[in-house]
Protein chains: 2
Amino acid sequence: MHRTRVRVVEDALDANNTIARANRADFDRASVTVVNFMSAPGAGKTALLERVVRDLDSSVRVGVLEGDVEGSLDADRLAGLHVPVTQLNTASGFGGECHLDANMVRSALPELPLGDIDLLVIENVGNLVCPAEFRVGEDARVMVCAVTEGEDKPLKYPLMFRTCDLVLINKIDLLPHLDVDLEKLVANVDAVHPGVARMLVSAKTGEGIDAWRDWLVARTAAAGAPA
Amino acid sequence: MHRTRVRVVEDALDANNTIARANRADFDRASVTVVNFMSAPGAGKTALLERVVRDLDSSVRVGVLEGDVEGSLDADRLAGLHVPVTQLNTASGFGGECHLDANMVRSALPELPLGDIDLLVIENVGNLVCPAEFRVGEDARVMVCAVTEGEDKPLKYPLMFRTCDLVLINKIDLLPHLDVDLEKLVANVDAVHPGVARMLVSAKTGEGIDAWRDWLVARTAAAGAPA
């Protein structure tokens, strides 16, 4: 039983990678840089997006694909920023899929204004396990880790930390009120993914947001530069 | 492709329920009350367990089954409390399973000292989606929702809130430092699961821990009472 199940899942992952490559080719044709944005529930993805999108230079036209099990709360929040937002709900699968996969993103492609944007941010379902397994055709993976989650998350959910290109350590404004050792958290990130880019940020105070915005702009420009 | 996948998963859920019933029968034979303890990563399950176990009356002998993708950090923390702790890692499956299922719990049964405990707390993998799908043979489901996660989690992850018997709203000591509306959070819990028991707690200050301990003792006593 167990072996059968693993084989089925591996087949599904292989199919996922095939579709992710097709997405990638479509994004490349449209010259759109794609960021897969991931975290645990409530780590602050939407708040960080609101912050960074608000002051993006007009040279980087951004669109957002919102993945949620149910509802459109985050899409509603982002709609006020006057950027194109597309909602993708996973509730139709298996009582709510816990991640986006390449085929779900592919099903949203016709709704995405790829010709009018330079950067697509895909806000994944809040989860530190399965989203890390499924490529969706992204150029880069950014994850958010809130200091309120404790120092040990990199050690407990290593694949997510290991496969991302940037770790945003959020809610640092709360550090004075927590029994959390920031140095230990950072050391755990480094232990799991040596050399990964990381930034200390607060969606509440705005600290670190400029650095994250610069990173997004640089990634988008690098993708758009002639080879 | 999509339909095939759903059918496979439904078969897996059916198999899961069969095994959950077998677990349930074993727990009943041993007169052990079982709590499936769930939350998002970093919501404070282990800290709340440490708090509540420390002062449990000797009339309730507790054991813990720790589910983690990797490592034994939480089990190590709980070992200091001198209660039996069994570690279950999900990393062998598919790059780390994002939940415990009935068969994983069943595989741990030979390691559990069922004859020596009255209450087994199963600390699930931190995730608000899939753990809600998989019964493991529990009597009750308790979930932790930290106020730092924001007011909207019940609306975004409704199945978890809808299938639990008690919601612990944790980290209330941080409320003065957050832009989170506790009344709105509580209203969202009620909207998704009308009438569910809920408690405001802080693992840090100890607020609300007595009420949770009383709840656990009452559930254990009710299960042990002659029918």
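Quick look at helix 2 (residues 45-54) of chain A now. Among the 10 residues of helix 2 of chain A, 7 are classified as buried, and the element is accordingly described as predominantly covered. The set of residues buried in helix 2 of chain A consists of Lys 45, Thr 46, Leu 48, Leu 49, Glu 50, Val 52 and Val 53 of chain A.

A full pass over the atoms with the stated rule returns 3 cavities of 30 Å³ or more. Around the second largest cavity, the lining is made up of 14 residues, and of these Thr 148 and Glu 149 of chain A together with Pro 41, Thr 148 and Glu 149 of chain B lie nearest the centre. Tallied by class, residues from the lining of the second largest cavity come to 6 nonpolar, 4 polar and 4 charged.

So, about the layout of surface pockets. Rolling a probe over the atoms, with the probe sized like a water molecule, indicates the empty space that remains. Here the largest pocket defines a volume of roughly 800 Å³. Here the residues of the lining of the largest pocket are counted per class, giving 11 nonpolar, 12 polar and 15 charged. In this structure, the second largest pocket spans a volume of roughly 660 Å³. Thr 148 of chain A together with Gly 44, Ala 47, Arg 77 and Lys 171 of chain B are the residues nearest the centre of the second largest pocket, which is lined by 35 residues in total. Tallying contributions element by element places helix 2 (residues 45-54) of chain B first for the lining of the second largest pocket, with 6 residues. Tallied by class, the residues present in the lining of the second largest pocket amount to 10 nonpolar, 9 polar and 16 charged.

Let's shift gears to the confidence of the model for chain A. Residues and elements named next belong to chain A. Residues of chain A with pLDDT of at least 70 account for 92%, and the chain-wide mean is 91. Below pLDDT 50 for its whole length, residues 1-5 participates in 2 contacts with residues either more than four positions away or in separate chains. The complex prediction reports pTM at 0.91, with the ipTM value standing at 0.88.

Residue and element names in this part refer to chain B. Sheet architecture is open: 7 strands sit in the order 3-2-4-1-5-6-7, paired in parallel fashion. Strand pairing shows two members of the sheet lacking a second neighbour, strand 3 (85-89) and strand 7 (197-200), which therefore form its edges. Within this sheet the neighbouring strands show an average axis-to-axis angle of 20°, counted without direction. Across 5 bridges, strand 5 (residues 140-146) lies against strand 6 (residues 166-170) in parallel orientation.

Turning our eyes to something else, we now look at the interface of chain B and chain A. The partner chain A presents 43 residues to the 42 residues of chain B that form the contact. Summed over both sides, the interface between chain B and chain A buries roughly 3,800 Å², with carbon and sulfur atoms accounting for 61% of that surface. Viewed at the interface, chain A and chain B are joined by 6 salt bridges. Between Lys 156 of chain A and Asp 74 of chain B there is a salt bridge, with its nearest N and O atoms 2.5 Å apart. Put simply, chain B and chain A have 9 residue pairs in polar contact (both at pLDDT 80 or more) between them. At the level of secondary structure, the elements contributing two or more residues to the side of chain B that touches chain A comprise helix 1 (2-29), helix 3 (73-79), helix 5 (153-156) and helix 6 (158-162) of chain B. Per-class residue counts for the side of chain B that touches chain A are 20 nonpolar, 7 polar and 15 charged.

The next subject is the pattern of salt bridges. On inspection of all chains with the given rule, the structure shows 32 salt bridges over all chains. Among the ionic pairs, Asp 190 of chain A bridges to Arg 198 of chain A, the shortest N-O distance being 2.9 Å. The partly exposed category is assigned to Asp 190 of chain A, whose relative accessible area is 26%. Owing to a relative accessible area of 37%, Arg 198 of chain A belongs among the partly exposed residues under this scheme. Put simply, Glu 138 of chain B and Arg 141 of chain B hold a salt bridge, and the shortest N to O gap is 2.6 Å. With respect to class, Glu 138 of chain B is no different from Arg 141 of chain B; both count as buried. Overlapping salt bridges, with partners in common, bring together Glu 50, Asp 68, Asp 74 and Arg 77 of chain A together with Lys 156 of chain B in one network.

Its rotation angle being 180°, the transformation that places chain B on chain A also includes 0.0 Å of axial translation and leaves an RMSD of 0.0 Å. The transformation just described matches what one would write down for a two-fold rotation axis. Residue Asn 127 of chain B of chain B places its C-alpha closer to the rotation axis than any other residue of that unit, at 3.0 Å. When the interface residues of chain B are mapped onto chain A, 100% of them again lie at the interface, so the same face is used by both copies.

Take unusual backbone geometry next. Residues and elements named next belong to chain A. Not every positive phi belongs to a glycine, and His 82 is a case in point at roughly 60°. Within the secondary structure, His 82 sits in the loop between helix 3 (73-79) and strand 3 (85-89). His 82 sits in the exposed class, given a relative accessible area of 73%.

The rules behind each value
- Residues numbered from 1 in each chain as written.
- Chains lettered and ligands numbered in written order.
- Predicted model: local features only at pLDDT ≥ 70, side-chain atom pairs only at ≥ 80, totals over all residues.
- Heavy atoms only, no water.
- Buried < 20%, exposed > 50% of the residue type's maximum accessible area, 1.4 Å probe, protein only.
- Helix = DSSP H or I, 4+ residues; strand = E, 2+ residues; numbered from the N terminus.
- 1 Å grid on protein atoms, 1.4 Å probe; cavity = no way out; pocket = protein on both sides within 12 Å on 5 of 7 lines; lining within 4 Å.
- Points joined across faces, edges and corners; volume = space filled by probe spheres on them.
- Nonpolar A, V, L, I, M, F, W, Y, C, P; charged D, E, K, R; others polar.
- pLDDT = per-residue confidence, 0-100.
- Contact = heavy atoms within 4.5 Å.
- Pairing = 2+ DSSP bridges.
- Axes fitted to C-alpha atoms, helices over the stretch in contact; angles between N-to-C directions.
- Buried area = accessible area lost by both parts, 1.4 Å probe.
- Salt bridge = Lys/Arg side-chain N within 4 Å of Asp/Glu carboxyl O.
- Polar contact = N/O pair within 3.5 Å; in protein donor to acceptor, adjacent residues only side chain to side chain.
- Least-squares fit on C-alpha atoms with pLDDT ≥ 70 in both.

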